[in-house]
Amino acid sequence: PVRDINRKAKYLEATATCIDISKSSISCESVVCAGSSCTIEDFEMEYDRLIVSVGAQTNTFGIPGVREHCCFLKQVEDARKIRNAIVNCFERANLPRLSDEERESILTFAVIGAGPTGIEFASELRDFIEQDGPKYYPSLLKYVRIKVIEASTTILAPFDQSLQQAAIDQLTRESDFSKSFESTVLPPNYQLTELLLDSGVSEITEDSILLSNGNSIRYGLSVWAAGNGPLPITLNIIDSLTGDEQAEAQSVARGRIAVDPWCRALGGDGKIFAFGDCSCTITNQLPATAQVASQQGEFLARLLSQCNVDETDTEAETTNKLLPPLKDLSNRDETLAERICSFSTQSNRFAAPFQFLNLGILAYTGAGSALAQVPITPNNKDNMIKGKGKVGFGLWRSVYISKQISTRNRVLVLLDWAKTRVFGRDITRISD
């Protein structure tokens, strides 16, 4: 639970609907339930410093039918919806008096977007079909198809080309069903996963995906994993920020809050901070990953607790320019990063800016294999440690466990993995 993270913080469960920068206030609304009836209550809160970390929402790029007919991969509710939809597809295809073509279209699972999110989902779905499908739906497996649709010419763009090819080989490998399944019932040249590269999506209807090359795909479930877009509250903050600096930076930020190297919003007079997917550092653009957001959050916590962000420098008053935050060394020693910053700027007054430490990227590719790419030196793509297969899988799982926010969560995740290994996946449908 979020309340266990920091007992000294005060948590309010509400939705921020508007930020009034001139009044330093936030308009919120909260759903208050009493018995079986619920009402929406509005309230306002004033702030001294505002930290924005709302993330992003799924970007549909204005393609017709995406929001109406696709499942997304953002919230817990999305995961439950996908879980129910997968089982519904199998149960619908199991009904009598359906033709083979109808069953195949119902059991075609389309994954739109071949980045890490889309590839990991397709890999997990394939694991379910190969490992648990023979137990629950042995007669339907010959109709199942997974189609990964990608507008570019490759998958997993952040990875090295050799690892991209390893992922393609793993995804398109020959199907490996559990031993209890008679593979002779499969049609000749059966391919469970198909990669459709260089295939943009032009429209999605209730049962078909129309591609930019003129082809169409009939499907039973479509999952959209093709990018991030700004939330309404983020756009509201951008419009409210003063001066031309924020507006001019939007040519690069594109709907994200443009920030300086200290995570301060441009045009926010040093009172508004932003980090994570809702922000964009103009001088050094960073990938929209949890690794970046985590490091930015830790940096900002140290900055606010160890520096005089409220103190105005005399040079800033004369130049009318927002200078870096001032260090406060009254109760602590200077850190190594601050010493380096002092040497590079020839000044001992300013706090060190945020520096992203790239710890590498990981992606699960199915059947107990994963990709791992860890840089040895910064900004050198040729000097990397690359792993795949079981080695990459071991690293992927160890990192996954270590990044859980509490010991309780680590134990629960390990128990889930153990239960799945012993008993298989639970296909019980969870109603909303």
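Please read these numbers as outputs of a predicted model, since none were measured by experiment.

### Here's the deal with the packing of helix α2 (residues 76–93) against helix α4 (residues 116–131)
Thought 1: Look at α2 against α4: their axes get within 13 Å of each other, and the N-to-C directions meet at 45°. Looking at the two axes, α2 sits oblique to α4. Every pair of crossing elements has a handedness; the one defined by α2 and α4 is right-handed. In this structure, α2 contributes Ile-82, Ile-86 and Phe-90 to the contact, and α4 contributes Phe-121, Leu-125, Phe-128 and Ile-129.
Thought 2: In terms of residue class, the contact of α2 with α4 is built from seven nonpolar, no polar and no charged.

### Things to note about the packing of aromatic side chains
Thought 1: Under the defined criterion, the tally for this structure stands at 10 aromatic pairs.
Thought 2: Between Tyr-136 and Tyr-137 the ring centres are 6.4 Å apart and the planes differ by 50°, which places this aromatic pair in the tilted class.
Thought 3: When the centroid spacing of 6.0 Å and the interplanar angle of 25° are considered together, the rings of Phe-393 and Trp-396 count as stacked. Linking Phe-393 with Trp-396, this pair stays in helix α12 (residues 389–402), spanning three residues, or about one helical turn. Both residues of the pair, Phe-393 and Trp-396, count as buried.
Thought 4: A connected cluster of aromatic rings, assembled from ring pairs, spans Phe-90, Phe-109, Phe-128, Tyr-136 and Tyr-137.

About the thresholds
- Residues numbered from 1 in each chain as written.
- Predicted model: local features only at pLDDT ≥ 70, side-chain atom pairs only at ≥ 80, totals over all residues.
- Heavy atoms only, no water.
- Axes fitted to C-alpha atoms, helices over the stretch in contact; angles between N-to-C directions.
- Helix = DSSP H or I, 4+ residues; strand = E, 2+ residues; numbered from the N terminus.
- Parallel < 35°, antiparallel > 145°, perpendicular 65-115°, else oblique.
- Left-handed = near helix turned anticlockwise from the far one by under 90°.
- Contact = heavy atoms within 4.5 Å.
- Nonpolar A, V, L, I, M, F, W, Y, C, P; charged D, E, K, R; others polar.
- Phe/Tyr/Trp six-rings, centres within 6.5 Å; stacked < 30°, edge-to-face > 60°.
- Buried < 20%, exposed > 50% of the residue type's maximum accessible area, 1.4 Å probe, protein only.

Geometric descriptors of this kind do not, in isolation, establish any biological role.
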